[in-house]
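Examining the three-dimensional arrangement
Here is what each chain is made of, one letter per residue.
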Amino acid sequence: MGTWQQQLRTARTWRDYRRALHTFWMDGLDVDTLGELGRTMAERAAPAFPGRAAADGFDRVLDRTLPDAPPDWAEVELCVRTRAEHRPGEDADGLVAQWADGYRACGGDPGPRTPQRRLAQPRWRRRAAWTAAVLLIAAVIKWSDDGANGTDPSPRVWAYDSPTEGGDAHHNGFYEPGQQFYVQCQVTNGRTFPLGDSYKGPGREGVWYRVQPGKWVPAAYVDAGTAPLPAC
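Residues numbered from 1 in each chain as written. Predicted model: local features only at pLDDT ≥ 70, side-chain atom pairs only at ≥ 80, totals over all residues. Heavy atoms only, no water.

To continue, consider the environment of Ser-144. When you line up the elements, Ser-144 lands in the loop between β1 (137-141) and β2 (157-160). A relative accessible area of 2% places Ser-144 in the buried class. Ser-144 sits 55 residues away from Tyr-199 along the chain, and the two C-alpha atoms are 7.4 Å apart. A polar contact is formed between the side chain of Ser-144 and the backbone oxygen of Pro-155, at a distance of 2.6 Å. (Helix = DSSP H or I, 4+ residues; strand = E, 2+ residues; numbered from the N terminus. Buried < 20%, exposed > 50% of the residue type's maximum accessible area, 1.4 Å probe, protein only. Polar contact = N/O pair within 3.5 Å; in protein donor to acceptor, adjacent residues only side chain to side chain.)

Below, the structure is given as structure tokens:
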């Protein structure tokens, strides 16, 4: 089975990546520490993972049985940073950089905030990076059963690799009505498209929410609780 370092170094699928993350999470844990980690995770994730969504969200990140699809990078980083606090002498930023490299090796993009090599940062900068890591906003797909959903008769909502480009070539997964997920920020100059005749949502023409770098959803079909979101 190997250590988490060995598993991460050789991971080339998302199942392998989750397996390495699960091994990292459980490495050296006793029952008391496991409970403390769970409480810490729930407390820090509360703004973005209300109620059961917090536990379910992180169970999903560590679940090795899920289809071979990437976990959201922001969730991975939050897991790694929280676990690092219970690994004496570990450099949280260094660990995040390792997991970002593994994320890239599996074909994902953790974004420019996590380069392959990071210089040592002052303590206040590390605190700012931690704050940015937990700025996730809980969201749910809504209003997409509008009779047409734009040009797509299905109520599913497609994600795109850009807020300004359309078409199958730019699809990056999809979400079903009622599906919960997390968004980070918004742009207001994105692509516009026709809504269905029975649409009952807030509209938000041109507004797109970023799920993670390279993954965007139209805000017209997303209820994020509070709007507008921070600008990307």
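Now that the structure is up, let's keep going.
Tyr-175, Phe-181, Val-183, Tyr-209, Val-217, Val-222 and Ala-224 are the most contacted members of the largest nonpolar core, which has 19 residues in total. Mapped by element, the contributors of at least two residues to this core are β1, β2, β4 (180-183) and β6 (208-212). Of the residues forming this core, the biggest block, three residues, is contributed by β1. (Core = buried A, V, L, I, M, F, W, Y, C linked by side-chain atoms within 4.5 Å.)

In this structure, Val-211 sits in strand β6. Distance from Val-211 to Ile-137, taken between C-alpha atoms, is 9.4 Å for residues 74 residues apart in sequence. Here Val-211 is in contact with Asp-72, Tyr-175, Phe-181, Tyr-182, Val-183, Gln-184 and Val-217, once residues within four sequence places are set aside. (Contact = heavy atoms within 4.5 Å.)

What follows deals with the packing of helix α2 (residues 14-26) against helix α5 (residues 73-84). Running from amino to carboxyl end, α2 crosses α5 at an angle of 20°, the nearest separation of the two axes being 10 Å. The pairing of α2 with α5 is recorded here as roughly parallel in orientation. Once α2 is placed against α5, the crossing between them reads as left-handed. Residues Tyr-17, Leu-21, Phe-24 and Trp-25 of α2 touch α5, and the partners they reach there are Trp-73, Val-76, Cys-79, Val-80 and Arg-83. For the contact of α2 with α5, a count of residues per class yields eight nonpolar, no polar and one charged. (Axes fitted to C-alpha atoms, helices over the stretch in contact; angles between N-to-C directions. Parallel < 35°, antiparallel > 145°, perpendicular 65-115°, else oblique. Left-handed = near helix turned anticlockwise from the far one by under 90°. Nonpolar A, V, L, I, M, F, W, Y, C, P; charged D, E, K, R; others polar.)

What follows concerns α2. With 13 residues, α2 should cover 18 Å at 1.5 Å per step; its first-to-last C-alpha distance of 18 Å lies within 8% of that length. Those residues of α2 lying buried are Trp-14, Tyr-17, Arg-18, Ala-20, Leu-21, Thr-23, Phe-24 and Trp-25. At the exit of α2 stands Gly-28, carrying a positive phi of roughly 75°. (Expected span 1.5 Å × (residues − 1).)

Attention now goes to the state of the cysteines. Tallied over the entire structure, the rule returns one disulfide. Sulfur-sulfur distance for the disulfide between Cys-185 and Cys-232 comes to 2.0 Å. Across the disulfide from Cys-185 to Cys-232, rotation about the S-S bond amounts to roughly 100°, and the bridge is consequently right-handed. Here Cys-232 lies in the segment after β8 (222-223) and Cys-185 lies in strand β5 (residues 185-187), a separation of 47 residues in the sequence. (Disulfide = S-S within 2.5 Å.)

With that settled, consider α5. Quick reminder: α-helices carry 3.6 residues per turn. Residues three or four places apart thus point the same way. For α5, with twelve residues, the first-to-last C-alpha span of 16 Å sits near the 16 Å given by 1.5 Å per residue. α5 sits mainly inside the fold: twelve of its twelve residues count as buried. Among the residues of α5, those classed as buried are Trp-73, Ala-74, Glu-75, Val-76, Glu-77, Leu-78, Cys-79, Val-80, Arg-81, Thr-82, Arg-83 and Ala-84.

The next thing to look at is unusual backbone geometry. Leaving glycine out, the prevailing phi sign among residues is negative, and the prevailing peptide bond configuration is trans. Positive phi is not limited to glycine here, since Trp-143 has a value of about 65°. As for its placement among the helices and strands, Trp-143 is situated in the loop between β1 and β2. Assessed through its relative accessible area of 22%, Trp-143 is described here as partly exposed. Positive phi outside glycine occurs at Arg-204, with the angle close to 60°. By secondary structure assignment, the location of Arg-204 is in the loop between β5 and β6. The exposure class of Arg-204 is partly exposed, given its relative accessible area of 22%.

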